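One-letter residues, chain by chain:
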Amino acid sequence: MASAADGPAPRGEAARAAAAAYSATTGVGVHNAYEKAKYPYFADALDSGAAMLELDVWTNAFGSGWRVSHSNPLGNDNNCENARSAAELRTKSRNQSLAGCLRDIRSWHDAHPGHRPVVLKVELKDGFLGTRGRGPADLDALLTNALGDAVYRPGRLAAGHATLDDAVRAEGWPDRADLAGKFIVELIPGTVEQGNPVDTLWTDREYATHLRDLAAAGRLGEAAAFPAVLGAEAGDPRGRYADASIRPWFVLFDGDASTYAGGAIDTQWYADRRYLVVMTDAHNVAPAIDGTRPTEAQAAERVALLARRHASVVSADWYPLPGVLSTVLPRG
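Residues numbered from 1 in each chain as written. Predicted model: local features only at pLDDT ≥ 70, side-chain atom pairs only at ≥ 80, totals over all residues. Heavy atoms only, no water.

Topic: the state of the cysteines
Part 1: Applying the stated criterion across every chain, the model contains 1 disulfide.
Part 2: Each sulfur in the disulfide pair Cys 80 and Cys 101 lies 2.0 Å from the other. On the S-S bond that ties Cys 80 to Cys 101, the torsion sits near 100°, and the link is right-handed. Within this pair, whereas Cys 80 is found in the loop between strand E3 (67-68) and helix H3 (98-111), its partner Cys 101 is found in helix H3, the two being separated by 21 residues in sequence. An identical accessibility class is assigned to Cys 80 and Cys 101; each is buried. (Disulfide = S-S within 2.5 Å. Helix = DSSP H or I, 4+ residues; strand = E, 2+ residues; numbered from the N terminus. Buried < 20%, exposed > 50% of the residue type's maximum accessible area, 1.4 Å probe, protein only.)

Remarks on the pattern of salt bridges
Part 1: Scanning the entire structure with this criterion turns up 18 salt bridges.
Part 2: Between Lys 121 and Asp 254 there is a salt bridge, and its shortest N-O distance comes to 2.9 Å. In this pair, Lys 121 is assigned in strand E4 (residues 118-124) and Asp 254 in strand E7 (residues 252-256), connecting sequence segments 133 residues apart.
Part 3: Note on Lys 121: relative accessible area 3%, which makes it buried.
Part 4: Asp 254 sits in the buried class, given a relative accessible area of 1%.
Part 5: Between Lys 125 and Glu 123 there is a salt bridge, with the nearest N and O atoms lying 3.5 Å from each other.
Part 6: Look at Glu 123 and you get buried, because its relative accessible area is 8%.
Part 7: Among the charged side chains, a salt-bridge network with shared partners connects Asp 165, Arg 169, Asp 236 and Arg 238. (Salt bridge = Lys/Arg side-chain N within 4 Å of Asp/Glu carboxyl O.)

Remarks on helix H8 (residues 203-216)
Part 1: When the terminal C-alpha atoms of H8 are compared, their 20 Å separation across 14 residues agrees well with the 20 Å that a helix rising 1.5 Å per residue should span.
Part 2: Among the residues of H8, those classed as buried are Thr 203, Asp 204, Glu 206, Tyr 207, Ala 208, His 210, Leu 211 and Leu 214.
Part 3: At the exit of H8 stands Gly 218, carrying a positive phi of roughly 70°. (Expected span 1.5 Å × (residues − 1).)

A short note on helix H11 (residues 296-308)
For an α-helix, the turn length of 3.6 residues means that residues three or four places apart are oriented alike.
Part 1: With 13 residues, H11 should reach 18 Å at 1.5 Å per residue; the first-to-last C-alpha distance of 18 Å fits that figure.
Part 2: On its buried face, H11 sits against strand E1 (25-30), helix H9 (257-261), strand E8 (276-280), strand E9 (313-316), helix H12 (322-325) and strand E10 (329-330).
Part 3: Of the residues trailing H11, His 310 is marked for its positive phi of about 80°. (Contact = heavy atoms within 4.5 Å.)

Side note on the packing of aromatic side chains
Part 1: Scanning the entire structure with this criterion turns up 13 aromatic pairs.
Part 2: Aromatic pair Tyr 241 and Phe 250: ring centres 4.6 Å apart, planes at 0°, arrangement stacked.
Part 3: Through a chain of ring-to-ring contacts, the aromatic side chains of Phe 253, Tyr 260, Trp 269, Tyr 270 and Tyr 275 assemble into a single cluster.
Part 4: Seen from the ring of Tyr 41, Arg 94 lies directly overhead, with NZ or CZ sitting 5.4 Å from the centre. (Phe/Tyr/Trp six-rings, centres within 6.5 Å; stacked < 30°, edge-to-face > 60°. Lys NZ or Arg CZ within 6 Å of the ring centre and 35° of its normal.)

Put into structure tokens, the structure is as follows:
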């Protein structure tokens, strides 16, 4: 493993990364990119060059539809505007539902053919609510209806293999060029869901079970998202799932950057298996730097450090630094 004293990435690595497999590169993401204090419109977040943009989504029974908000479970509080075309971007009222955010994304996508691959990280704050039409299959339908062929699907990655794990270990992820114009949807359990003592079926396990069952029925092509194992820990974190049959449906991992970089976790294990790893709160890795406005050199050095620690996405709130957000480096 590289040491914390390693210097910044050598010049020319960005060009090498551009020609690599997606799982062999490191990009930079923005935490809660839907917040108006960060970007006036979600189209601005998409324009930032970031490799990952995060949305917080609520599904509870006390509000209608899929809501996008950080702390308001009953309504929408975001920079999405439900633009039906690129011409409508930055022209309409904000605070729209998840469907509205997805329409903005599709409208931006149509105006930027061949754009960089973008991870859409969705935190389901309070989990799925299938009894109200907000279960895994309903999310698949929403993503499909809004984004269509712009979604890179689990079925495409599996490509004839029995599970996602089999696919990435045998074939890996596509090259970045082959993922141009695509969105990869990542799902994580939400903070409210995790703190709910009566919720015994969190997002990660529920969606992985959904993938397993779709595959068994020959319908994996309907799935539109990838569940993530949340939380950095040593060994294979999928061992936490008592049902071993869902473990091979996780090939994406998400956790604290400081924990991944601390030396107790063999992050080479993820890279060797071509698993994707999102490392969050990158600014807190020692020595800590500003979480929003570090110098560009500080942020670039942190990205390079975590690339050497085998991050696929380095996540922070560095929205004022588009030059850093658009960075793509070789992983490892």
